[in-house]
Each structure stands twice: as structure tokens, then as C-alpha cells.
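Here is what each chain is made of, one letter per residue.
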Amino acid sequence: MNGPNLKKLLEEEGSVYTLSAKISGVKYPVPVYTLGISFGCSPQNVDRLIASALDEVEKLKSDGPSQVNVDKFIAEDRLQRETAVSTNGYWLTYLSNCLQNGEEFNMMNSYPKLLEAVNAETVRKSAIKYLSGANLLRFVLLPEVAIKK
């Protein structure tokens, strides 16, 4: 979606080699979620690009995503789900998660309705609730520096 705005980081900043934004969560043993933004760049661009990514998260919280980006997300999610349900791996993970989390096996039937409820405002409110930055961790992998002997 529009936060972090991957297009801005890739095109406007112009110094990102690779870029990824992923959200994941688990229910047990304790509920926890993660949002990870990762990118490859030269060492001199690290601080500027981290600041830019965090700025995009703040914009998501204040302005929300554009409805166009929400619509793109929904369309892509539907397409990925249609493809995934034809694989054994999807069903193994789905059934395993239902068993582990004590959820009904027919939860999949309610997913389209849940997806329809996603809009720019619900995303903005979720960003405010879950992206406080209180547990922000910053990891920077730098290239090895040759040590002269």
C-alpha cells in the first residue's frame, strides 16, 4: 500500500538496490506482529533512507494511503489467494494454523468480506494503533572493512 511508499524510496531516493516491506504475526504462545522494511544500499545512504522510510510510515499514520493503492492491494491479495488455494502448501499451512490457533476451519469463507472492509481510513487507523515506533529496532548490515596489518 502507500506506506511505506515503496515507489518514493525506489524512484525518488534513487539509491536503493532492493526493497521489501513485510508484515507478519502469530497468535501463540503470545500474540505478536512485526512490520519489516528492508533495503540494500550503499553505506553512505543508510541514515537518509531509514529517515525516508520512517517518514513514509508517519505519513501513513497522518494521511493514510491513497484509495488507489488500497484498491491495488486488494486486487493483488485476491489474485495471490486465488493462486495459492490451488496448492497443497497453502492448505497445509491454513489447516495447521486453524488447529494451532483454535479457529474454525471455515474462516476462509469470511476473508472476502474482511477484505472488502479495508479502506484508506481503516489502514490509517491501524497504522496509528500498531506503528507507534515504541518497539522500533534498527539493524544495519555493513560490509566488512579490510584491516591492514
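Computed from a predicted model, the values in this text were never measured in an experiment.

**Focus on the packing of aromatic side chains**
Thinking step 1. Here the structure, examined in full by the defined rule, presents 4 aromatic pairs.
Thinking step 2. For the ring pair Tyr90 and Trp91, a centre distance of 5.1 Å and an interplane angle of 90 degrees mean the geometry is edge-to-face.
Thinking step 3. Given a relative accessible area of 16%, Tyr90 falls into the buried group.
Thinking step 4. Taking relative accessible area as the criterion, Trp91 reaches 30% and is therefore assigned partly exposed.
Thinking step 5. The interplanar angle of 80 degrees and the centroid separation of 5.6 Å between the aromatic rings of Trp91 and Tyr94 together place this pair among those described as edge-to-face. Pair noted here: Trp91 and Tyr94 are both in helix H4 (residues 88-101), with a separation of 3 residues, about one helical turn.
Thinking step 6. Owing to a relative accessible area of 14%, Tyr94 belongs among the buried residues under this scheme.
Thinking step 7. Three or more aromatic residues joined by ring pairs form one cluster here, namely Tyr90, Trp91 and Tyr94.
Thinking step 8. The ring of Tyr111 carries Arg81 above its face, with NZ or CZ at 3.6 Å from the centroid.

**Notes on the pairing of strand E1 (residues 16-26)**
Thinking step 1. Judged from the 10 bridges that link them, E1 and strand E2 (residues 32-41) form a sheet pairing that is antiparallel. Paired with Ser24 across the bridge in E2 is Thr34.
Thinking step 2. Taking the residues between adjacent antiparallel strands as the criterion, E1 and E2 are bridged by 5 residues.

**With respect to the confidence of the model for the chain**
Thinking step 1. Residues with a pLDDT of 70 or more make up 87% of the chain, whose mean pLDDT is 86.
Thinking step 2. Of all the helices and strands in the chain, helix H1 (residues 6-12) carries the lowest mean pLDDT, 60, while helix H6 (residues 120-130) carries the highest, 96.

**Some thoughts on the layout of surface pockets**
Thinking step 1. Quantified by volume, the second largest pocket comes out at close to 1000 Å³.
Thinking step 2. Together, 33 residues line the second largest pocket, and Leu35, Gly36, Ile37, Leu136 and Leu137 are the ones closest to its centre.
Thinking step 3. Listing elements by their share of the lining of the second largest pocket, those giving two or more residues are E2 and helix H2 (46-63).
Thinking step 4. Take the lining of the second largest pocket: its biggest share by element is 10 residues, from E2.
Thinking step 5. Residues belonging to the lining of the second largest pocket are distributed by class as follows: 22 nonpolar, 8 polar and 3 charged.

**Observations regarding H2**
Owing to its 3.6 residues per turn, the α-helix aligns residues three or four sequence positions apart on the same side.
Thinking step 1. Spanning 18 residues, H2 covers 25 Å between terminal C-alpha atoms, matching the ideal 26 Å at 1.5 Å per step.
Thinking step 2. Taken residue by residue, H2 has Val46, Leu49, Ile50, Ser52, Ala53, Glu56, Val57, Leu60 and Lys61 as its buried positions.

**Thoughts on the side chain of Ser42**
Thinking step 1. Tracing the backbone shows Ser42 in the loop between E2 and H2.
Thinking step 2. On the basis of relative accessibility, which here comes to 12%, the residue Ser42 falls in the buried class.
Thinking step 3. Of the polar contacts made by the side chain of Ser42, one reaches the side chain of Asn45; its length is 2.9 Å.

**Description of unusual backbone geometry**
Thinking step 1. Looking along the chain, the bond that leaves Tyr28 and enters Pro29 is cis, with omega of 5 degrees.
Thinking step 2. In this structure, Pro29 sits in the loop between E1 and E2.

**Digging into the pattern of salt bridges**
Thinking step 1. As enumerated under the stated definition, the model contains 6 salt bridges in all.
Thinking step 2. Residue Asp47 pairs with Arg138 through a salt bridge whose shortest N-O separation is 2.4 Å. Placement of Asp47 in helix H2 and of Arg138 in the segment after H6 is noted, with a sequence separation of 91 residues between them.
Thinking step 3. The salt bridge involving Lys59 is made with Glu56; its shortest N-O contact spans 3.3 Å. Here Glu56 and Lys59 lie together in helix H2, a separation of 3 residues that amounts to about one turn.
Thinking step 4. Counted as one network, the salt bridges with shared partners bring together Asp55, Glu56 and Lys59.

Analysis parameters
- Residues numbered from 1 in each chain as written.
- Predicted model: local features only at pLDDT ≥ 70, side-chain atom pairs only at ≥ 80, totals over all residues.
- Heavy atoms only, no water.
- Phe/Tyr/Trp six-rings, centres within 6.5 Å; stacked < 30°, edge-to-face > 60°.
- Buried < 20%, exposed > 50% of the residue type's maximum accessible area, 1.4 Å probe, protein only.
- Helix = DSSP H or I, 4+ residues; strand = E, 2+ residues; numbered from the N terminus.
- Lys NZ or Arg CZ within 6 Å of the ring centre and 35° of its normal.
- Pairing = 2+ DSSP bridges.
- pLDDT = per-residue confidence, 0-100.
- 1 Å grid on protein atoms, 1.4 Å probe; cavity = no way out; pocket = protein on both sides within 12 Å on 5 of 7 lines; lining within 4 Å.
- Points joined across faces, edges and corners; volume = space filled by probe spheres on them.
- Nonpolar A, V, L, I, M, F, W, Y, C, P; charged D, E, K, R; others polar.
- Expected span 1.5 Å × (residues − 1).
- Polar contact = N/O pair within 3.5 Å; in protein donor to acceptor, adjacent residues only side chain to side chain.
- Salt bridge = Lys/Arg side-chain N within 4 Å of Asp/Glu carboxyl O.

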